[in-house]
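Each chain is listed here by its residues.
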Amino acid sequence: MPPGKRRHRVAAIAIQGGWHLMTGDLLVAEGHKILYTGGVGSCVVVCLWDMKRLIGGMAHIPHPTSSLVDDPEIPAHPASSPDRALPLLFRLMEKRGARRETTSARLAGAGNMFGMPDDCFIGNIGRSILDKARNIIYGLDLIINGESVGGGYGRSIRFDIGTGEVFITLTNGERLTL
């Protein structure tokens, strides 16, 4: 690979009716597809949806800033941080026809999975990712119309691009829809 060039892979796995995303990845889909990700603890999952064109995207974001993961020896994950993931995710959606005025965001995750004090970096990492994601979403002139964030439970997220519904299952058994 030439110097200065970094390759990334999208670790989405085909599932019935859609795709299963891995941590640090993002994907855009159209129509009646499902985007799914699990194992969401302190990570933040952002789902963007254009309600008129039925275009949606999901990013599973594990770090608060790209400066924590910008190592040329490590292959870049497109959704490693909000500053890397969210502009790219929306740009990919725009290439398929999405528009700002009909696109909104839903967020999930940012849990404190280890019961650490809020003033500890590990205990605060989910909040840091969430705050940065919100700021970038607002900077893209998008609205946030649903969140399931915080707490001490993990989450699985299933995003139905055809309806815009985001189905969340918490590890305590609770289910909710955004």
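Definitions and limits used
- Residues numbered from 1 in each chain as written.
- Predicted model: local features only at pLDDT ≥ 70, side-chain atom pairs only at ≥ 80, totals over all residues.
- Heavy atoms only, no water.
- Pairing = 2+ DSSP bridges.
- Helix = DSSP H or I, 4+ residues; strand = E, 2+ residues; numbered from the N terminus.
- Axes fitted to C-alpha atoms, helices over the stretch in contact; angles between N-to-C directions.
- Contact = heavy atoms within 4.5 Å.
- Salt bridge = Lys/Arg side-chain N within 4 Å of Asp/Glu carboxyl O.
- Core = buried A, V, L, I, M, F, W, Y, C linked by side-chain atoms within 4.5 Å.
- Buried < 20%, exposed > 50% of the residue type's maximum accessible area, 1.4 Å probe, protein only.
- Polar contact = N/O pair within 3.5 Å; in protein donor to acceptor, adjacent residues only side chain to side chain.

Trainee: Can you tell me about the sheet that holds strand β3 (residues 26-30), naming the residues and giving the values?
Mentor: Overall, mixed pairing links the five strands, which are arranged β3-β6-β5-β7-β8 in an open sheet. Single-partner strands in this sheet number two, and they are β3 and β8 (143-149). Pairs of neighbouring strands in the sheet enclose a mean axial angle of 15 degrees, with direction left out of account. Its contacts with the sheet put helix α1 (residues 82-95) on β3, β5 (44-50), β6 (55-61) and β7 (103-109), and the angle it makes with β6 is roughly 165 degrees.

Trainee: Explain the pattern of salt bridges residue by residue, including any values.
Mentor: Enumeration according to the criterion identifies five salt bridges in this entry. In this structure, the salt-bridge partner of D131 is R134, at a minimum N-O distance of 3.8 Å. Of this pair, D131 and R134 both sit in helix α2 (residues 121-139), three residues apart, roughly one helical turn.

Trainee: Please provide a residue-by-residue account of the nonpolar core, values included.
Mentor: One finds V46, L48, L107 and I137 to be the most contacted residues of the largest nonpolar core, which totals 26 residues. Elements represented by at least two residues in this core include exactly β3, β5, β6, α1, β7 and α2. Among residues more than four places away in sequence, those in contact with L48 are I55, G56, G57, L89, F90, M93, T103, S104, A105, L142 and F159. Of all hydrophobic cores here, the second largest spans 17 residues; its members include L27, C43, I161 and L170.

Trainee: Explain the side chain of D50 residue by residue, including any values.
Mentor: Relative to the assigned elements, D50 resides in strand β5. Judged by relative accessible area, which is 0%, D50 ranks as buried. A polar contact is formed between the side chain of D50 and the backbone nitrogen of K52, at a distance of 3.0 Å. There is a polar contact of 3.0 Å between the side chain of D50 and the backbone nitrogen of R53. For D50, the residues in contact, after removing those within four places along its chain, are I55, M93, G97, A98, R99, T102 and T103.

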